[in-house]
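These are the residues of each chain, in order.
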Amino acid sequence: MAVGTANRFQEFRAELRRSEVKWAYTLILPAVLPLLIFTVLPVLGAIGLSFTQFDAFSATMRWIGTDNYGEAFRNDLFRTTIRNTLQFTVGFVPLSMAVGFSAAMLLNRRFRGISFLRGAYYLPVLTSTIAMGIAWMWLFQPQVGLVSLALKLFGVTPKDWLNSPFTAMPAVIGVAVWKAFGGTMLIYLAGLQGIPETYYDAAKVDGCGRFQLLRYITWPLLRPVTFYLFIIGMIDSLQVFDLVMIMTEGGPAFRTTTIVHQIYLNAFKFNQMGYASAMAVVLFIAIAVLTFFNWKFFSSSLEY
Amino acid sequence: MAQTRRLRLPPREELLYRTLLVFGIVIGLIIAALPFLWMAVSSLGTAGMVIRIGFTWDMFNPLNWSLEPYVVAWKMASISKYIRTTTIYAVAVTVLATTTSSLAGYVFGRLRFPARDFLFGLVLATMMIPGSVTFLPLFILMLRLPLLGGNDIFGAGGHGLYNSYAGLILPNVVSASSIFLFRQFFRTLPKDLEDAARIDGCSEPMIWLRVIMPLSGPVVTVVALFQFQGSWNAFVWPLVMSSSERLYTISVGMYSLAYGSGSLTSMAELFQSVLLAGSVMAVLPILVLFIAFQRQFVQGIALTGLK
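The text that follows walks through the structure, step by step, so that each part is easy to find. (Residues numbered from 1 in each chain as written. Chains lettered and ligands numbered in written order. Predicted model: local features only at pLDDT ≥ 70, side-chain atom pairs only at ≥ 80, totals over all residues. Heavy atoms only, no water.)

Here we look at unusual backbone geometry
Residue and element names in this part refer to chain A. Cis geometry is found at the peptide bond from G251 to P252, where omega equals -10 degrees. Within the element layout of this structure, P252 appears in the loop between α11 (242–247) and α12 (259–268). Of note in the backbone geometry, A253 takes a positive phi value of approximately 50 degrees without being a glycine. (Helix = DSSP H or I, 4+ residues; strand = E, 2+ residues; numbered from the N terminus.)

Listed below in structure tokens is the structure:
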């Protein structure tokens, strides 16, 4: 009798296990299958296409080996593209982090209306890049735009900011920073709230001033956050596209064209799908390397 | 203890410090908010005022405001069409992606099955693959899907899912980062809950629907909000996937308006105000959503560390 009950119980458990496994595979299918088809497969597709000359509309494909890569590295425009993208990165990453950090330091306190202020700082992040790009084009309007009017107060002569070779990229970087610093701020704020108050108390007992608290406690303890934001910022910078499309269309004279902009143009305007894929693969490798560093850092920093 | 926390400088420096603080906060607020206000005010100006005069104090006088740019944007410049398409797209993506991701998050977070860690690793790996790498091959894939949209079994002859809602929506029916978020949250729920349901003969989908989801309101809200916000603003994918105005999302529509390929020419008298009115309408739904759900948006950032 007792043996029979035990058997039945085990059968019931085995039955439950079988049902669990069956359902598990069924229920992840609508998530895993699209990821395989729409994310993994296209990466393999990009790698494959990068060795071909391909026309999507007539579907004619010719294997040309590494010619696309050779072409990219000989091509002046590709070099300009890389330089522009790096210029954007060098401007955008430190600025968005510095502004975001300053905003976090300003708003890391409690008073009435603080969440309104944080919300206002963060709002640009959520809005459409195209819509706000249009608003900023109007702000950069040479004669009557707010930027020209404001700078005139400081004696700067107005110019066609988005169409001058020396100001177009800084203008794009400025708008990108405006649009992103709220996100950086929120992540820094989360980091600041994770620093135990006792550290500050101890340092104050030792006679530290405000600046020393920032220098010796806040900044070192936020290093993981800073590193994370640095890597994420670079990954985002390498892919800047929307803002360039709407504000400058890569101009003037290719001064603001970027990697993704060139991928788009080559694929959809010049029908050079193979060449565009080669650029996408280069971009993918760069992002994979950055992701690897990020992962490496965070899996090793867990040790202490 | 509480007293030591407050740091006090000598009165003069303390006053200077506080002044600088307020000054900084106000400057930040102006930088963040001014473009929105400027955009809104300029969108209400009548043609001559905005283009020829630019900035005048008269612009801030409500008596000079006119809704004409909005009427033109809505009717002539097809903003109504773009908003409709964007709404369909964003709602579909939000509902589908939240559902599939929470199901997968439930399975990865709470069930045991062979190859679970491998499959979850695969999901995590796809998080690092950005859309800017995949949009081109994905476009070719959608264009050449066999047996759809006039294509034969080899994917030749027709247009596949190019220029269709299915083509717009399908690649976005799941989000790896949402799976991750759901999994992390589901793992914190006590195991007894679903065991009780399981003993009572509940199947796994029923446990997900009746036990897990009702407890997950906050995380569902966060995921749905970010899905909606992301797809409302989507640009690259709708840009390459749609050839007819009928399928333009608001960002693609505004882009085509700005560069003259839409139904409004840049020569039109109201051009600038209409563009700005369209931009206001593109931003407004997100603004309303943000005001209603600010806490959830902020929590979501802190939770995921994603911007």
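Some thoughts on the pattern of salt bridges
Scanning the model with the defined rule gives twelve salt bridges over all chains in all. Note that R18 of chain A is salt-bridged to E15 of chain A, the shortest N-O span being 3.1 Å. On the criterion of helical spacing, the pair formed by R18 of chain A and E15 of chain A is a turn pair, its members being three residues apart in helix α1 (residues 2–49). The class for R18 of chain A is exposed, based on a relative accessible area of 52%. Close ionic contact of R198 of chain B with E204 of chain B constitutes a salt bridge, the shortest N to O distance being 3.0 Å. Side by side, R198 of chain B and E204 of chain B carry an identical accessibility label, which is buried. Counted as one network, the salt bridges with shared partners bring together R110, K191, E194, D195, R198 and E204 of chain B. (Salt bridge = Lys/Arg side-chain N within 4 Å of Asp/Glu carboxyl O. Buried < 20%, exposed > 50% of the residue type's maximum accessible area, 1.4 Å probe, protein only.)

Overview of the packing of aromatic side chains
Inspection of the entire model under this criterion finds 32 aromatic pairs over all chains. Aromatic pair F73 of chain A and F78 of chain A: ring centres 5.7 Å apart, planes at 85 degrees, arrangement edge-to-face. Accessibility expressed as a relative area gives 4% for F78 of chain A, which makes it buried. Taken together through their ring pairs, the aromatic side chains of F241, Y264 and F268 of chain A together with F135, F139, Y162, F235, Y255 and Y259 of chain B make up a single cluster. We note R210 of chain A situated over the ring of Y17 of chain B; from NZ or CZ to the ring centre the distance is 3.6 Å. (Phe/Tyr/Trp six-rings, centres within 6.5 Å; stacked < 30°, edge-to-face > 60°. Lys NZ or Arg CZ within 6 Å of the ring centre and 35° of its normal.)

Remarks on the interface of chain A and chain B
Listed per partner, the contact involves 99 residues of chain A and 97 residues of chain B. Here chain A packs against chain B, burying approximately 8,600 Å² in sum over the two surfaces, 77% of which is carbon and sulfur. Here chain A is connected to chain B by one salt bridge. For the interface between chain A and chain B, the tally reads 16 residue pairs in polar contact (both at pLDDT 80 or more). Ranked by residues supplied to the side of chain A that touches chain B, first place goes to α1 of chain A with 26 residues. Of the residues assigned to the side of chain A that touches chain B, the class counts are 76 nonpolar, 13 polar and ten charged. (Contact = heavy atoms within 4.5 Å. Buried area = accessible area lost by both parts, 1.4 Å probe. Polar contact = N/O pair within 3.5 Å; in protein donor to acceptor, adjacent residues only side chain to side chain. Nonpolar A, V, L, I, M, F, W, Y, C, P; charged D, E, K, R; others polar.)

Shape is all these values report; function is a separate question.
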